[in-house]
Every structure is written in C-alpha cells, then in structure tokens.
Amino acid sequence: MYDVAIIGGGVTGLSASIYSARFNLKTIIFDPDFGGLIKTTHLVENYPGFTNVTGMELAKSIEDHARSYKNIEFKKEKVIDIEKNGDCFLIKTEDGEYQAKTIVFSTGAEHRKLNVPGEKEFTNKGVSYCATCDGPLFKDKFVGVVGGSDSAAKEALLLSQYAKKVYIIYRKEKIRAEPINLKRVEENDKIEIINNTNVTEILGRDFVEKVRLDSNLRELKLDGLFIEVGFVVKAELAEKLGVELNEKGEIIINGMSETNVKGIYAAGDCTNFEFKQAITGVAQGVNAVYSIYNYLKDYKIEPC
Ligand SMILES: Cc1cc2nc3c(=O)[nH]c(=O)nc-3n(C[C@H](O)[C@H](O)[C@H](O)COP(=O)(O)OP(=O)(O)OC[C@H]3O[C@@H](n4cnc5c(N)ncnc54)[C@H](O)[C@@H]3O)c2cc1C
C-alpha cells in the first residue's frame, strides 16, 4: 500500500511528489501525459529561478527533478475510478489497481469550449486550443484568438510571429492581460483587438474560412480560430468520493490543501484558488504533502 497517490502529474502533482519523496512517504503518481498544461505555453517569465523559459522546458525540469528520487513510482496511466474502503483508497486505472492511504488530486482543468456552431466540426481544421502546438501551421494567414485573459494575450503574441494578422476577439470592454503583455500586444502592429464582440458561428467548407460576430462587423475572414476562454476543472473523481465542490465545480480546499474528506487533499488548477498559476499550484501541492506527512505520523491505516 502506498502512503500517497497523486492523481495528475502536471507541475502541481510533480512538485508534490518531490516533497513526498523527501518525507520518505511511499509515493505513486499517475498521468497519461506528464507535464500538464504549462507545456502548451511558449513563454514563462514569472516562475522564480527561470527568467525566461518555455513551458515545455519548465515542465521537463520539474519532471526530471521528481524522477531523480527513486522512491516515487511514475505510472503513465489515467485513473478511472477511486473507491474508499474504511480509511484506505482503491485506485483503478485501465492497467491495474493500487491501494493508498491518502490521495492528492492535482488533476487540473481542460479548455472550456466556446459552444458555437462550427466549433466541433472545425476542430483541428482551423479551430485550435493551443497556439504553441498549432501556431506554425498559420504562417502568413489571418487568425483570431477568442478571449481576454493573459493567456489569450500570450497566445496572440505567439501567433503574431507566424500569422499575417491576429485579431483578439473579446466579449467585454478591455482585455485583462498582465500589464507587460498588454503593452506588448498594444505595440504589436500585427495584432488588433476587437472588444465587446462575441463569435457566434464558425463557417467554412473543409477548413475555417470566416466567423460570424454579434457586433457591427458581422463577419471576419479568418483561416484559424484559437479559443482561449477559460477552463473547466476536472473533479469528477473527487466529487464521487464526497469531496465538496464550489459553484464553479472546483475542489474546495483550506490553506493546507485539505478537502472536507479525511485522507483526500487537492492542489493546483483543480481547486477553488483564484490565481491559477504554476507557482501557486506548486505551493499547494507541497502543502498537501506536508499535511499528509503530519496526518500519517500517528495514524495506522489498514489495507483495503
Ligand atoms: C496559454 C497558457 C499560458 C500560461 N502561462 C503561465 C505562465 O506564464 N506562468 C504560470 O505560472 N502559469 C501559466 N499558465 C497556467 C499554468 O499552466 C497552470 O496554472 C498550471 O499548469 C497548473 O498546473 P496543475 O498541475 O495544477 O494542472 P495541469 O497542468 O492541468 O495538470 C493536470 C494533470 O493531471 C492529469 N490528469 C487529469 N485527470 C487525470 C486522471 N484521471 N488520471 C491521471 N492523470 C490525470 C492531466 O493529464 C494533466 O497532466 C498558463 C496557462 C495557459 C493555458
């Protein structure tokens, strides 16, 4: 039986595993694709110790750090179910079953869909959720980015390195990028911001050709549309175990990453913490494992 099972190996889960190993806790971490969401950004300038790094490089260095500990077991498997038997957890993947005394949910979130006609039909045919992955396909093309967050601004900046023209299409008055990225967007001749506008339909024959808008512009000819309108938390496994979620479906944790269920902890983008960043997820992951260390110190748990 493992002391700790970490579900999700993004930066949050990987960092939790490092501390878990150092507390000498028998640790297993699951992820079909280690590294998580940060891998999809080309530029991270706010993670201490790295002045300027790609998300892929940052994820890789945290994963390499975790893999340097020999008392962490890495499983490239998706967890499909967890049962609680007494105080013990039975974790099921497509490949096997594992027992653990405690669980850390670090399952992150997935891209929210725009939910307009044409989105599903043109996904991977001009509609994308990742500029780092698909940006190079749009060399000298016209593309749009839907959204007004810092992530949307960064996606637009990256796309401007390839595309002829990038439109940021945002439903409100002013995009909410970090000041440094807002300045970069405003100074970039290739980027134009269209505020107070929603994309209502994506149209084309085999690939995206244009989008329909609900403002005076009505239509915009585009070769690609990048959708960056937030995330939906992955919390079904936690919810099934009786873990309390908030109205947005995020796992509710306290300052020590404890949930309302004994033995279950959560950290990172899947939780109710507002400022979802690599560094905040990492800190919550570390707190979760510190809480587990204290919990297990004087507590005996029988196998399932
Ligand atoms: C475009 C963009 C730019 C960003 N830029 C920055 C930045 O500059 N600086 C910064 O600090 N943050 C940035 N962020 C935010 C940052 O990426 C996230 O806050 C961070 O990656 C969250 O890490 P996490 O480990 O909590 O979740 P995730 O990275 O989402 O990892 C969750 C992992 O859980 C796994 N998983 C889910 N369900 C299961 C299951 N059932 N079984 C097994 N595994 C499972 C997934 O495969 C995934 O790998 C950016 C985000 C985006 C989209």
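Residues numbered from 1 in each chain as written. Predicted model: local features only at pLDDT ≥ 70, side-chain atom pairs only at ≥ 80, totals over all residues.

Colleague: Explain the site of the ligand here, please?
Modeller: The full set close to the ligand counts 37 residues, and G8, G10, G36, G108 and G268 are the nearest of them. Of all elements in the fold, only α1 (11-22), α4 (150-159) and α7 (278-297) reach the threshold of two or more residues within the shell around the ligand. Residue classes in the shell around the ligand are distributed as 13 nonpolar, 16 polar and eight charged. There are two domains that each give the shell around the ligand at least three residues, and those are domain 1 (2-110 + 231-297) and domain 2 (113-227). (Near = placed C-beta within 6 Å. Helix = DSSP H or I, 4+ residues; strand = E, 2+ residues; numbered from the N terminus. Nonpolar A, V, L, I, M, F, W, Y, C, P; charged D, E, K, R; others polar. Domains from an automatic or database assignment.)

Colleague: What am I meant to see in unusual backbone geometry here?
Modeller: As a rule of thumb, non-glycine residues mostly have phi less than zero, and peptide bonds are mostly trans rather than cis. Phi angles above zero are rare outside glycine, and N115 is one such case at about 60 degrees. You can see N115 is positioned in the loop between β7 (109-111) and β8 (127-128). Residue classification places N115 among the exposed residues on the basis of 8 C-beta atoms within 10 Å. Although it is not a glycine, D140 sits at a positive phi angle of roughly 60 degrees. (Buried ≥ 20, exposed ≤ 12 C-beta atoms within 10 Å, placed from the backbone.)

Colleague: Could you clarify how one ought to interpret the domain arrangement of the chain in this entry?
Modeller: Many analyses report the size of an interface as the accessible area lost when the parts associate. Entries for the chain in the domain assignment read domain 1 (2-110 + 231-297) and domain 2 (113-227). Residue-level contacts link four residues of domain 1 with five residues of domain 2. Taken together, the residues that form the side of domain 1 that touches domain 2 break down as one nonpolar, three polar and no charged. (Contact = placed C-beta atoms within 7 Å.)

Colleague: Would you explain the pairing of strand β5 (residues 88-93) in this entry?
Modeller: Remember that side chains alternate between the two faces of the sheet whenever the strand is regular. Note: strand β4 (residues 79-85) against β5, six bridges, orientation antiparallel. Bridge pairing in β5 places I82 opposite I91. Adjacent in sequence and paired antiparallel, β4 and β5 are bridged by two residues, among which G86 carries a positive phi angle near 65 degrees. Looking at chain direction, β5 and strand β6 (residues 97-105) are connected through four bridges and run antiparallel. Residue I91 lies in a different strand from β6, and its bridge partner there is Y98. (Pairing = 2+ DSSP bridges.)

Colleague: Any chance you could explain the environment of C88 here in plain terms?
Modeller: In this fold, C88 is placed in strand β5. Put simply, C88 and E302 are 214 residues apart on the chain and 6.7 Å apart in space, counted from C-alpha to C-alpha. Setting aside anything within four residues of it in sequence, one finds C88 in contact with M1, Q99, K101, I301, E302, P303 and C304.

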